[in-house]
Amino acid sequence: MTSEYTEQHAATDGARSSGTGTGVELAVEGMTCGSCAARVQKKLAKQPGVAEAEVNFASKRATLVGDSGELDVPALQRAVSDMGYELRTVDTEHPEPDGDAEAAEQRMWFYRAVVAVPLTAIVLWLAMFAGELGEHPAARWTQLALTIPVQFWVGWPFLKGMVQRALQRSANMDTLIGLGTLAAFGYSVVALFAGGFLYFEVATFIVAALALGRYFEARARRRAGRAITALLELGAEEATVLRDGAEVTVPVESLAIGDHMLVRPGEKIPTDGEVVDGVSAVDESMLTGESVPVEKTAGDVATGATINTSGVLTVRATAVGADTALSRIVRMVQDAQSGKAPMQRLADRISAVFVPAVIVVALGAFLGWTVLAGDPVSGLVAAVAVLIIACPCALGLATPIAIMVGTGRGAELGVLIKRIETLERTKEITTVVFDKTGTLTHGEMTITDIVAAEGGDDEVLRRAGAVEAGSEHPIGRALAAVAAQRLGELPAAHGFDAPTGQGVRADVDGTTVLVGRRSWLAEQGMTVPEDVDEAVLRLESDGKTVVLAGWQGRVRGAVAMADTVKDNAAATVAELHDIGMTVAMLTGDNSRTAEAIARAVGIDRVLAEVHPGDKRAEIERLQSEGEVVAMVGDGINDAPALVQADLGISIGTGTDVAIESSDITLMRSDLHGVPQSIRLARRTYRTIQQNLGWAFGYNVLAIPAAAAALLNPMVAGAAMALSSISVVLNALRLRRFERGHRREV
């Protein structure tokens with residue numbers, strides 16, 4: 001990693017996060033809506049030593065950054081406990097999803113719904129469909145008997161939350177539900193003795209609908225968080241370690257740097273390391289998406305959770321616990337899911353004042369109907385409807401649930417979104433800039449054409465490869481390697497000579513063979529056949545590097561080499577054009593070579609002959625022209641440009657630099673991941689907009705209708721539960737992203 005990148009990256013991160021001290025992540029228990037999250041966040045942000053606090057309702061996590069030094073976690077826990085919530089620490093060394101807690105919550109609401117639904121059905125039938133039977137005293141007392149368990153056992157979580165908030169002189173969604181259902185229940189008890197109209201069915205229906213809604217919501221949240229669970233399950237659980245000449249099986253958690261691990265065929269490599277002995281093919285598809293196993297020998301890097309497919313390897317551990325590639329990927333996805341987009345912060349601010357405002361509106365509705373219209377019954381109905389329908393559940397879930405599902409789906413596809421702000425920036429992108437070498441191309445020279453004046457292609461390649469086998473020039477070494485790969489063992493070359501910058505000569509099979517530039521071979525008295533000369537000019541105009549081979553006074557042929565573009569480069573550029581992007585290429589190559597590649601793949605703009613240190617300046621120049629730029633590179637040489645760009649996308653295989661140098665990391669080498677990542681980010685952002693639009697619109701329209709007594713409280717309760725479920729279901733549609741629709745825009 002270059003020092004220039006380190007400075008740029010540090011400056012950018014400083015701009016994106018104001019925290020300068022240590023950070024900590026804590027789980028938050030007891031939150032029931034977005035206003036709870038906003039209240040906890042406000043409390044934590046005021047604590048001594050806390051520079052920045054973010055609380056995510058959907059993930060139930062608090063992310064804190066300290067001014068300096070270690071944060072006083074016990075003090076933070078006490079501060080939140082005084083509010084009726086609970087903070088607990090999260091094991092960052094071995095992060096685990098909250099699967100057990102989520103499963104327990106889902107079971108709890110399931111049992112309550114199972115009790116509430118049949119009892120509510122009976123109460124509803126007696127109150128609304130039993131006719132004269134429903135007016136019988138026994139039927140009225142039966143409604144009370146059936147309502148009590150629904151109101152006080154099924155609805156206990158709401159009532160408990162209401163009391164806890166009241167003791168802290170605050171209010172949340174539980175306050176609205178508790179006040180609304182208790183008002184209906186209390187009025188009905190009085191009416192039971194006084195002979196008035198009963199509203200037991202309102203209390204039971206609201207509690208039953210909310211319990212059922214909470215069950216489906218908890219179930220959906222578990223589905224949304226499965227990406228983290230799936231990533232964690234990729235890792236090995238045990239390792240075979242060589243200690244004192246013996247094999248010892250130990251838990252992966254107990255591995256230490258320097259341990260030598262024995263990995264047999266079919267086993268997962270327990271942690272990141274370096275191969276010290278053995279030869280095998282390793283399936284790295286969990287990181288790269290490539291189905292072909294990669295050959296590993298001594299000195300090669302081995303990544304934890306990849307699968308050894310054939311031979312036995314001895315691997316020395318170089319990273320353990322939270323420092324492994326898999327743990328960093330998991331942590332990055334968790335960070336993305338815990339972060340907040342600016343739109344969510346706006347929703348949180350609204351939620352913080354929403355509940356008190358709703359209580360005022362409900363009280364106003366009751367007094368208005370009672371005092372002005374002389375109808376306290378309609379006032380009660382209106383007040384209960386306002387309290388119930390205004391619960392800000394959907395508002396609190398709208399953004400975080402979409403982020404959880406979108407980033408989770410991205411993780412499944414090998415698209416890792418590092419910063420939540422990325423979701424909003426993608427909609428502004430106008431130009432996508434690709435680095436050429438290693439990004440658009442394979443990054444390796446290969447033979448593309450062989451022109452033979454006399455004899456066959458193989459003879460030209462065989463002799464040229466034999467001479468170049470002694471060369472130190474990258475093109476010469478590449479030519480020799482490809483020749484050996486195609487033709488097998490090459491003949492020995494003797495008397496090797498390499499005039500600087502001209503070419504090479506050596507004796508092969510008793511004949512002096514010259515390989516190099518056309519001008520040099522001409523200077524050595526070599527005759528260039530007309531057909532070879534024409535082919536050389538044509539190949540060079542296509543941006544290829546051409547060397548000629550000759551012996552016995554005559555050029556016998558030419559070999560053209562190039563760094564070939566990846567198979568799907570043209571299709572990727574076409575996809576980007578489909579979504580309205582201008583595509584540019586940034587390269588240090590000469591303009592002729594760059595233009596040839598650009599024509600081959602359909603690139604709109606070429607920035608050629610750019611020195612590595614000037615790539616960042618080129619991105620700045622595009623931005624000064626009004627372009628909003630996404631930069632695509634390998635995350636190492638392109639790091640300054642990746643950081644300078646409005647959106648940095650690195651194509652890597654999960655290495656340190658690939659993960660840390662960009663906003664989005666593509667874990668697979670497939671270029672299709674570039675338009676795919678942009679479309680996913682845009683789809684996620686659009687889903688957030690849809691959810692917030694529904695949540696805001698629902699409350700804006702429903703509250704006035706409820707205050708005017710145009711909505712029955714039962715309808716209000718059902719609508720409130722449905723609103724929360726609807727934003728979750730809308731977010732879950734992101735799980736189907738690109739399942740059978742590869743070119744979806």
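The structure presented is a predicted model; accordingly, all values stated were derived computationally and were not measured. (Residues numbered from 1 in each chain as written. Predicted model: local features only at pLDDT ≥ 70, side-chain atom pairs only at ≥ 80, totals over all residues. Heavy atoms only, no water.)

## Some details on the sheet that holds strand E4 (residues 86–89)
Sheets are built from strands paired through backbone hydrogen bonds, the pairs being either parallel or antiparallel. Spatial strand order, E2-E3-E1-E4: four strands in an open sheet with antiparallel pairing. Looking along the sheet, the strands with just one partner apiece sit at the ends: strand E2 (50–56) and E4. Each neighbouring strand pair of the sheet contributes to a mean axis angle of 30°, computed without reference to strand direction. As paired strands, strand E1 (residues 23–29) and E4 are joined by four bridges and run antiparallel to one another. Counted as the bridge partner of Val28 is Leu87 from E4. (Pairing = 2+ DSSP bridges. Helix = DSSP H or I, 4+ residues; strand = E, 2+ residues; numbered from the N terminus. Axes fitted to C-alpha atoms, helices over the stretch in contact; angles between N-to-C directions.)

## Overview of the sheet that holds strand E16 (residues 441–452)
Taken in spatial order, the six strands line up as E16-E21-E20-E19-E18-E17 in an open sheet, and their pairing is antiparallel. Pairing within the sheet leaves two strands with one partner each, and these edge strands are E16 and strand E17 (493–497). Across the sheet, the mean angle separating the axes of adjacent strands is 20° when strand polarity is ignored. Of the strand pairs in this sheet, strand E20 (residues 545–551) and strand E21 (residues 554–565) are connected by seven bridges, and their pairing is antiparallel. Across the sheet, residue Ala549 finds its bridge partner in E21, namely Gly557.

## A few points about the packing of helix H6 (residues 156–167) against helix H7 (residues 173–194)
Two elements in contact, H6 and H7, have axes separated by 8 Å at closest approach and are oriented at 115°. In terms of orientation, H6 lies roughly perpendicular with respect to H7. Of the two possible hands of crossing, H6 and H7 adopt the one that is left-handed. Of the residues in H7, those in contact with Pro157, Phe158, Leu159, Gly161, Met162 and Arg165 of H6 are Asp174, Thr175, Ile177, Gly178, Leu179 and Leu182. Tallied by class, the residues present in the contact of H6 with H7 amount to seven nonpolar, three polar and two charged. (Parallel < 35°, antiparallel > 145°, perpendicular 65-115°, else oblique. Left-handed = near helix turned anticlockwise from the far one by under 90°. Contact = heavy atoms within 4.5 Å. Nonpolar A, V, L, I, M, F, W, Y, C, P; charged D, E, K, R; others polar.)

## Side note on helix H21 (residues 569–578)
For H21, the set of buried residues is Ala569, Thr572, Val573, Glu575 and Leu576. Along the axis of H21, the buried residues cluster in a sector spanning 155°; they form a single face. Each element contacted by the buried residues of H21 is listed here: strand E15 (431–435), helix H16 (436–440), E21, strand E22 (582–586), helix H22 (591–601) and helix H26 (673–707). Positioned one or two residues after H21, Gly580 has a phi angle of 85°, which is positive. (Buried < 20%, exposed > 50% of the residue type's maximum accessible area, 1.4 Å probe, protein only. Arc of directions from axis to C-beta.)

## Here's the deal with the UniProt feature "transmembrane region" (unreviewed entry) in the protein
Those residues carrying the UniProt feature "transmembrane region" (unreviewed entry) are residues 109–129, 141–159, 171–190, 196–216, 350–372, 378–403, 692–711 and 717–734 in this numbering. Measuring from the first to the last C-alpha atom of residues 109–129 gives 28 Å, for a span that is 100% helix and 0% strand. With 95% helix and 0% strand, the stretch residues 141–159 has end C-alpha atoms that lie 23 Å from each other. (UniProt positions renumbered as here; feature names shortened; annotations may be inferred.)

## Observations regarding the environment of Ala256
Secondary-structure assignment places Ala256 in the loop between strand E6 (246–251) and strand E7 (260–263). Apart from the residues lying within four places of it in its own chain, the contact partners of Ala256 are Ala317 and Val320.

## Some remarks on a nonpolar patch on the surface
Residues Phe110, Tyr111, Val114, Val115 and Trp153 make up a contiguous nonpolar surface patch of roughly 470 Å² in combined accessible area. Ranked by the residues each element gives to the nonpolar patch, the list is headed by helix H4 (residues 99–129), at four residues. Checked against the element boundaries, Val114 lands in helix H4. Residue class for Val114 comes out partly exposed when judged on its relative accessible area of 45%. (Patch = residues over 30% accessible without salt bridge, like charges linked within 9 Å, V, L, I, M, F, W, Y side chains within 5 Å. Areas by Shrake-Rupley, 256 points an atom, 1.4 Å probe, with all protein chains shown as cover. Salt bridge = Lys/Arg side-chain N within 4 Å of Asp/Glu carboxyl O.)

## So, the packing of aromatic side chains
Per the stated rule, a full pass over the model turns up six aromatic pairs. Through pairs of rings, three or more aromatic residues link up here, namely Phe110, Tyr111 and Tyr215. Over the face of the ring belonging to Trp153 we find Arg112, whose NZ or CZ atom lies 4.6 Å from the ring centre. (Phe/Tyr/Trp six-rings, centres within 6.5 Å; stacked < 30°, edge-to-face > 60°. Lys NZ or Arg CZ within 6 Å of the ring centre and 35° of its normal.)

## Side note on the pattern of salt bridges
Inspection of every chain in the model, using the stated rule, returns 19 salt bridges. One salt bridge connects Arg679 with Glu575, and the closest N-O pair in it is separated by 3.2 Å. With Arg679 in helix H26 and Glu575 in helix H21, this pair connects stretches of sequence that are 104 residues apart. Salt bridges linked by common partners bring Glu459, Arg462, Arg463 and Asp509 together as one network.

## So, the nonpolar core
Counting residues in hydrophobic clusters, the biggest one holds 47 residues, and the most contacted among them are Leu423, Val432, Phe434, Leu576, Ile603, Ile649 and Val674. Beyond its immediate chain neighbours, meaning those up to four positions away, Leu576 contacts Val432, Phe434, Met581, Val583, Val674, Pro675 and Ile678. If you look at the next biggest cluster of nonpolar residues, it comprises 30 residues, including Leu144, Val150, Tyr215 and Leu380. (Core = buried A, V, L, I, M, F, W, Y, C linked by side-chain atoms within 4.5 Å.)

## Considerations on the confidence of the model for the protein
The predicted coordinates of low-pLDDT regions are not to be read in fine detail. Residue-level pLDDT values for the protein average 79, and 82% of them are 70 or greater. Ranking the elements of the protein by mean pLDDT puts helix H1 (residues 3–16) last, at 35, and helix H5 (residues 137–154) first, at 94. Confidence drops under pLDDT 50 across residues 92–98; counting only partners more than four residues distant or on other chains, this segment forms 15 contacts. (pLDDT = per-residue confidence, 0-100.)

## Remarks on helix H13 (residues 376–389)
Here H13 contains 14 residues, and its C-alpha end-to-end distance of 20 Å stays within 8% of the 20 Å for a straight helix at 1.5 Å per residue. Summarising burial for H13: 12 of the 14 residues are buried, a large majority. Listed as buried for H13 are Ser378, Gly379, Leu380, Val381, Ala382, Ala383, Val384, Ala385, Val386, Leu387, Ile388 and Ile389. (Expected span 1.5 Å × (residues − 1).)

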